[in-house]
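Now for the letters of each chain:
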Amino acid sequence: MDSDGRRHSRSWDWDSPQCRAQLDEIFFRQHDYIQKGSPEHKEFWAFFDRFQRFKTKRDISGSGGAGRKQDREGKDSRRSGKMDLGLPKEYDARYRINVSVCTRDIEERLGKSRSWQRSSGPGSQEISDCRLALLHFLDFSQKQSFGKLAKLRQEQKNLPIFQYRDRIVALVQSHPVVVVAGDTGCGKSTQVPQYLLSSGFNHIACTQPRRIACISLAKRVSFESLNQYGSKVGYQIRFETTRTPATKLLFLTEGLLLRQIQQDRTLAQYQVVIVDEVHERHLHCDFLLGVLRSLLADRPGLHLVLMSATINIKLFSDYFSSAPVLQVPGRLFPIQVIYQPIPPEEQSSRSEKLDPRPYLRILQGIDQRYPPEERGDLLLFLSGVAEISTVQEACQIYATHTRRWIVLPLHSTLSLAQQDKVFDIAPPGVRKCIISTNIAETSVTIDGVRFVVDSGKVKEMSFDPKAKMQRLQEFWISRASSEQRKGRAGRTGPGVCYRLYAESDYNAFAPYSVPEINRVALDSLILQMKSMCLGDPLSFVFIDPPPAASIQTAVTYLKEQGALDSHGELTSIGSLLAQLPVDVVIGKMLVLGSLFNLVESVLTVAAAHSVQSPFLRSSQHNPDCATARQPLHSNHGDPFTLLNTFNSWVEVKGERGGGSRKWCRRRGLEEQRLYEMVNLRRQFKDLLRSHGLLESEYSASSGSDHGKRRERLTERRKLHQLKRDHERQEGSRRKVLRLDEGQDGEFSSGSDTEGAGKGKNDKEGSGQDMDIQEVKFKLRHNVSELQEAVNVSQDLSSRQQALLKLLLCRGFYPQLALPDEHNSTRKDSEQVFHTKNKQGVVIHPTSVFATDPEVLQVPEDDTREMGPDRKGSSKHQLLAFVTLLETNKPYLSNCVRVPALQALLLVANSVDSNADCTRLVVDGWLELELREPEEALKVLSTALTLRAEWERLLQAQLGQSTQRGAAFQGVSRKVMEKLSEGLVRFLLYTEVSYSLRRLTAFHTQNLYIGPRSESELFHTKAPDLNPLFPGAEAKPDPIKGGLHVTSFFTYNCLADSKDLYSECLRMFWSCPNCDLYMPLTPLERMQHEASCRPAGEQQQLEEEPQGGRAGSSSVTSLTRVYHCDVCNEDLNLTSTEILKHKKQHMYSAK
Amino acid sequence: MASHCRQLFICQLCGLNSPYTYYGQKPPNTRAIVLLEECFVTKDPFSPDKERFLVLGSLCSLCSTRVCAGSDCSLFYTKRFCLQCVNKHFDQFPHQIQTELAKKKQSSKAAVS
């Protein structure tokens, strides 16, 4: 019959697009099941070609002889004397398809019009050929999809947890709290939510400690619950959500659920809350459990499911009044444990480098014992990055020699692309040797690992509340951790775990790791507790209460920061900080920044400090990277370098779009961090705006015109399509690693040759990857708007720079460090600094000051000897820093330099003076001596005035923000500008020579005069200082002595060598503003200065109110109440009058 | 609890289950396509296209057992037969099908032993 067909279609060519188009008219019309132009349509024609080839091949080989078969068939049916099924006599594969396609209507129509159609149209043979192919195609797609479904169901059935399905559902239905404990591979994270969903629970939240897990679980579970393309299952993380009103199962981070509880006290939106991985004991998770525990009483209908590894299950059950526990066995293959303690001669002492020999021996042992055809990779656990690179180096030499290993490091400071390599596949005969921190213990799961080497060590962050310092120390791991590491060898087959310690060591390990809550600063936690009205943190029932001292330190710190008042209640700034998902320090910076015209810069710096540094450590030693980075560096401090980097990146993005990837690589930057920054920045901006701290976006002129908007809309549509396409392609196969993979990576990541040297496959992969980041970026942000915003913060004038530094310093305070006085005689790498509680700290090598420490030194030409060991200068500087972290040394990182005297006077919590204010002690540890009493008084007086005004405006703005929805009017722009002008002038043009030193314990012993007797006090009758510091009453300080003038300034409390009476010594002084010329005490003088306004202003004060009152009724409609802060009066003025009024102040001020 | 009320297709032989949205020979929005038996049909969960359907299974034309479309449970040859019925009337099926089934039996036996 085929030869028949060929004869008929002499002019018919299956390969001709025209011919195919004619068939498309019959089978793939606009409303057909498969439409012309759709992906399936394309697939069909590809299928068609294969189908035709298959048919021809079968015909040639003659294996499908129809005649012969018919014979047999007839006999067969006759022979069986049973019921006749009425099957056709002749076999045809067509009979196995349960689908048919009816196209008779069109065929008939075509038949009628055949007369005028050309003879090249499809004949009935062609049509039936095409139909047959279509039927097979439909059948094939059905089989394909059904196969997927069957496989899926089979996999679900094979999970250990499957047998417990009904019991889990029944337990949850009958108990408010259930604990499901199961080890790796039992399937609890993917299955339990599905079981609950399909048994009728409708609003389920499932928390995860990691964002990445939220995304991958949501993806997997939506696939498994056959809702891959719906939104029944979604996730929500910081910047991304797939949640819709139809979402019934939501994966989210612990932190996010806590934020939701802040908004929705009873969590009414959920019926079930599943808290996964509770055994990991993260800070957020422990806290969340505490919050949920107290919430259960208010929400009788709420079901809580805790999921954990089989670690310390009783603890969780007991915490929830003996909640039922369901234990599920894991699915692990047997693992052989080999204890191989490191011999004493190879054990390194603390200061030495790790000896890699024990690790090398294991690689050699594996090569000897296991043939290379037997696959299985090696996972090696070390404590830290330095240890990893030591062992990596040694292993790489061995690997290069044997060509049987690919050595790959894995830790969080690697670029994401580098981290991703551990998932790629080694070529046959070669094993991966992954050298990892404990990141591979829980966060990263690598399949195919057969051998695990466990050093038994971990570096963990601990917190020293006394020095307010983080410490990264090496510890022995816990038994639980050790078992977890071992388990990594048995995920895909039987495995071996080499423990580089003795069994007796193992038995001496702590049973469980120390929960995070006992290791970290609790500032943010306490703040959040306060804002959730959870009462006294000390009496909150935690699953494992943190040390009381830790809580106390946090409360004290929050009070210092102004987030809590003296009674421990939340202040207005505190309640705002509680809602910002960042560190208190960063939050404070944002609030401060919103007051001045520096919001854009502060947003960037705050965002930069909330993500990992974009500067890759590995590129630091690459000279090309260093050169390319140079223009980004700012010797004012690391925040400025980050600011420059971000701004330049945005500029590149605007100009070159996806080209930014290359730009980043050249500079050794992880672009992902910059993407995170831009998202965070936007979130911060929205938060500030929603709290009324920022004006709402004025409609950008560029975006408002119709054409542009439309353009943007079309662009967005395109971008969305690209994103969808990418999502569809995602999860494609893994790459195969090259043998020399481990060797380059580390150091060539910054050079351009990297991309070129790689295989085609890889380049395509990265190209795809770049597109999607760029696409997401463009979808989320309007690049031109962002550029505008960034332009504002680019090329900061020196004045803006000074102000930004001050803001950062106030944000970072009390984290200040003083350069050691002998630094100028030391090498660059040996520069030493001191903080209040920790002496002899050094600058982290990643900081700009590590390479350029001279900028911190007092210039020689500016110094004057002020006595033994005291250099007088007006150029002393301090470092304000974000973190103090002790590893092998205590390191300062993220530093900014600030002028010492000015910064201290403007931000310090405690400033104490002697009688003539020439000696100042700040926070009880920094001593400043000024040469001239005259200058000293002036500086102090100016600082006090500026600070009072700053505080007033800040409070005004925060007060405004608490009245939600109110327009941004708290602080008028002019007033704010006047303040920033004053601050800048003070910062830049104060040229007072002073000495600066750190007080030793000896000095601080007799620092203060101490309380004085009544008679002495009588002497110095407290002057009324209220006009100077509203609300503050100068009263004797009960401890230090002297007069407590403001919350931070105590006058004349320092025990001085000078005579005690200088405070009442009056000296002739002439006021620059008024005609006053008379003898005054220092305090009297400051008082006068604060209340005496320049002549012009005073005049204004008298005139203005009259003008306001005289305004006729017709004018008053145009006037509004204007509060002039200079005159300190409410005036009724029109807008022009306000401007005039302000101008007068400006002129008169000069 | 809408999900609870959704009709569930369960294969009586292998237990495979999935909710179905349509039972019959003409699933919605399939235009020229007609099924040659009454089927349990759902939206194809593996296709982004909302209109794609997936046949989960149907009733055996002989014994009316609910069977899934998987080749371990049923076979379509002009009609749906559950594999039990196929075995009962093994000799009436064309030799192509017979050899196929025999091969399958062997390989599954090999896998078990």
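Just so you know, these numbers come straight off a predicted model, no measurement behind them.

Conventions used here
- Residues numbered from 1 in each chain as written.
- Chains lettered and ligands numbered in written order.
- Predicted model: local features only at pLDDT ≥ 70, side-chain atom pairs only at ≥ 80, totals over all residues.
- Heavy atoms only, no water.
- Domains from an automatic or database assignment.
- Pairing = 2+ DSSP bridges.
- Helix = DSSP H or I, 4+ residues; strand = E, 2+ residues; numbered from the N terminus.
- Axes fitted to C-alpha atoms, helices over the stretch in contact; angles between N-to-C directions.
- Buried < 20%, exposed > 50% of the residue type's maximum accessible area, 1.4 Å probe, protein only.
- Left-handed = near helix turned anticlockwise from the far one by under 90°.
- Contact = heavy atoms within 4.5 Å.
- Nonpolar A, V, L, I, M, F, W, Y, C, P; charged D, E, K, R; others polar.
- UniProt positions renumbered as here; feature names shortened; annotations may be inferred.
- Buried area = accessible area lost by both parts, 1.4 Å probe.
- Salt bridge = Lys/Arg side-chain N within 4 Å of Asp/Glu carboxyl O.
- Polar contact = N/O pair within 3.5 Å; in protein donor to acceptor, adjacent residues only side chain to side chain.
- Phe/Tyr/Trp six-rings, centres within 6.5 Å; stacked < 30°, edge-to-face > 60°.
- Lys NZ or Arg CZ within 6 Å of the ring centre and 35° of its normal.

(A) Up close: the domain arrangement of chain A. According to the domain assignment, chain A consists of domain 1 (159–327), domain 2 (335–518), domain 3 (580–692 + 774–792), domain 4 (798–959 + 974–1058) and domain 5 (1061–1092). Look at where the C-alpha atoms of domain 1 of chain A and domain 5 of chain A centre, and you get two points 69 Å apart.

(B) How the structure looks around the sheet that holds strand E12 (residues 431–436) of chain A. Residue and element names in this part refer to chain A. Judged by pairing direction, the sheet is parallel, and its 6 strands sit side by side in the order E9-E16-E13-E10-E12-E11 without closing on themselves. Both outer strands of the open sheet, strand E9 (335–339) and strand E11 (405–410), are each paired with one neighbouring strand and no more. Shown here is a sheet whose adjacent strand axes are inclined to one another by a mean of 15°, direction ignored. Pairing of E9 with strand E16 (residues 495–499) involves 5 bridges; the strand directions are parallel. Paired with Tyr339 across the two strands is Arg499, which belongs to E16.

(C) Highlighting unusual backbone geometry. Residue and element names in this part refer to chain A. Geometrically, the link from Tyr813 to Pro814 is a cis peptide bond, its omega value of 10° lying close to zero. In this structure, Pro814 sits in the loop between helix H32 (798–812) and strand E17 (816–819). Despite not being glycine, Leu226 shows a phi value in the positive range, around 60°. Note that Leu226 resides in the loop between helix H9 (211–224) and strand E4 (233–236). For Leu226, a relative accessible area of 18% puts it in the buried group.

(D) Summary view of the sheet that holds strand E2 (residues 177–182) of chain A. All names here are of chain A. Sheet architecture is open: 7 strands sit in the order E4-E5-E3-E6-E7-E2-E8, paired in parallel fashion. Of all the strands in the sheet, the pair left with one neighbour each is E4 and strand E8 (325–328). Between one strand and the next, the sheet's axes are offset by a mean angle of 20°, whatever the strand orientation. Pairing between strand E6 (residues 272–275) and strand E7 (residues 303–308): 4 bridges, direction parallel.

(E) Region of the structure containing the packing of helix H21 (residues 584–595) of chain A against H32(A). Residues and elements named next belong to chain A. Across the interface, H21 lies against H32 with an axial gap of 8 Å and an inter-helix angle of 145°. With respect to the hand of their crossing, H21 and H32 are arranged in right-handed fashion. Contacts between H21 and H32 pair Val585, Lys588, Met589, Leu592 and Gly593 from the former with Leu807, Leu808, Arg810, Gly811 and Phe812 from the latter. Grouping the constituent residues of the contact of H21 with H32 by class yields 6 nonpolar, 2 polar and 2 charged.

(F) The arrangement of the UniProt feature "domain: Helicase ATP-binding" (unreviewed entry) in chain A in detail. In this structure's numbering, the residues bearing the UniProt feature "domain: Helicase ATP-binding" (unreviewed entry) are residues 169–329 of chain A. Between the end C-alpha atoms of residues 169–329 of chain A the distance is 18 Å, and the span holds 38% helix and 21% strand.

(G) Main features of the interface of chain B and chain A. Tallying the contact residues gives 51 residues for chain B and 52 residues for chain A. For the pair chain B and chain A, the two sides together bury roughly 4600 Å², of which 57% comes from carbon and sulfur. Glu100(B) serves as the salt-bridge partner of Arg96(A), at 2.9 Å between the closest nitrogen and oxygen. At the surface where chain B touches chain A, the tally comes to 17 residue pairs in polar contact (both at pLDDT 80 or more). Of all the secondary-structure elements, those providing two or more residues to the side of chain B that touches chain A are helix H1 (2–5), strand E2 (17–19), strand E4 (33–35), strand E6 (53–59), strand E8 (74–77), strand E9 (79–82) and helix H3 (95–112) of chain B. When the residues that make up the side of chain B that touches chain A are grouped by side-chain class, the tally is 26 nonpolar, 13 polar and 12 charged. For strand E1 (residues 99–101) of chain A and E4(B), the ladder comprises 3 bridges, and the chain directions are antiparallel. Bridge pairing links Val101(A) to Ile33(B) in E4(B).

(H) Focus on the UniProt feature "domain: Cysteine-rich DPF motif" (unreviewed entry) in chain B. Using the residue numbers shown here, the UniProt feature "domain: Cysteine-rich DPF motif" (unreviewed entry) corresponds to residues 9–101 of chain B. Taken end to end, residues 9–101 of chain B is 14% helix and 37% strand, and its two terminal C-alpha atoms sit 25 Å from one another.

(I) Focus on the side chain of Thr990(A). Residue and element names in this part refer to chain A. Examined against the element boundaries, Thr990 turns out to sit in the loop between helix H36 (973–989) and strand E27 (994–998). A distance of 2.4 Å separates a polar atom in the side chain of Thr990 from the backbone oxygen of Phe986. Contact partners of Thr990, with chain neighbours within four places excluded, come to Leu901, Gln902, Val939 and Arg985.

(J) Structural context of the packing of helix H20 (residues 572–579) of chain A against H21(A). Residue and element names in this part refer to chain A. One can describe the packing of H20 onto H21 by two numbers: an axis separation of 9 Å at closest approach and a directional angle of 115°. Here H20 and H21 pass one another in a crossing that is right-handed. On H21, the residues touching Ile573, Leu576 and Leu577 of H20 are Val584, Gly587, Lys588 and Val591. Of the residues contributing to the contact of H20 with H21, the split by class is 5 nonpolar, 1 polar and 1 charged.

(K) Highlighting the environment of Arg661(A). With respect to the element layout, Arg661(A) can be found in helix H25 (residues 660–666). For the pair Arg661(A) and Leu987(A), spaced 326 residues apart in sequence, the C-alpha to C-alpha distance is 39 Å.

(L) Representation of the pairing of strand E10 (residues 377–381) of chain A in the model. Residue and element names in this part refer to chain A. With 5 of its 5 residues buried, E10 lies for the most part within the structure. Burial of E10 is two-sided: the residues Asp377, Leu379 and Phe381 facing one way and the residues Leu378 and Leu380 facing the other way are all buried. The pairing of E10 with strand E13 (residues 449–454) spans 5 bridges and is classified as parallel. Among the inter-strand pairings, Phe381 is bridged to a residue of E13, identified as Asp454.

(M) Quick look at the UniProt feature "domain: Helicase C-terminal" (unreviewed entry) in chain A. Sites flagged by UniProt as "domain: Helicase C-terminal" (unreviewed entry) map to residues 365–533 of chain A. With 31% helix and 26% strand, residues 365–533 of chain A has its two end C-alpha atoms placed 59 Å apart.

(N) Region of interest: the packing of aromatic side chains. A full pass over the atoms with the stated rule returns 33 aromatic pairs over all chains. Ring centres of Tyr91(A) and Tyr77(B) lie 5.8 Å apart, and the angle between their planes is 5°; this geometry places the pair in the stacked category. Within this pair, whereas Tyr91(A) is found in the loop between helix H4 (66–79) and E1, its partner Tyr77(B) is found in strand E8, the two belonging to separate chains. When its relative accessible area of 0% is taken as the criterion, Tyr77(B) is described as buried. Here the aromatic cluster, defined as three or more aromatic residues joined through ring pairs, consists of Trp14(A), Phe27(A), Phe28(A), Phe44(A), Trp45(A), Phe47(A), Phe48(A), Phe51(A), Phe137(A) and Phe140(A). The ring of Trp476(A) has Lys457(A) sitting right over it, with the charged end atom 4.8 Å from the ring centre. A cation sits over an aromatic face here: Arg52(B) above Tyr33(A), 4.1 Å from the ring centre.

(O) How the structure looks around the pattern of salt bridges. Residues and elements named next belong to chain A. According to the stated counting rule, one finds 53 salt bridges over all chains in the structure shown. Note that Glu830 and Lys827 form a salt bridge whose closest N and O atoms lie 3.8 Å from each other. We classify Glu830 as partly exposed; its relative accessible area is 40%. Close ionic contact of Arg919 with Glu927 constitutes a salt bridge, the shortest N to O distance being 2.7 Å. Taken together, the shared-partner salt bridges in this structure form one network comprising Lys151, Glu155, Arg220 and Glu224.

(P) Here's a closer look at the pairing of E6(B). All names here are of chain B. The buried fraction of E6 amounts to 6 of the 7 residues, a majority that puts the element mostly inside the structure. Relative to E6, strand E5 (residues 39–43) runs antiparallel, the two sharing 5 bridges. Considered in E6, the bridge of Phe40 is made with Gly57. Note: E6 against strand E7 (residues 66–68), 3 bridges, orientation antiparallel. What sits directly across from Leu59, in E7, is Arg66. The loop that links E6 with its antiparallel partner E7 comprises 6 residues; one of these, Ser64, has a positive phi angle of about 60°.

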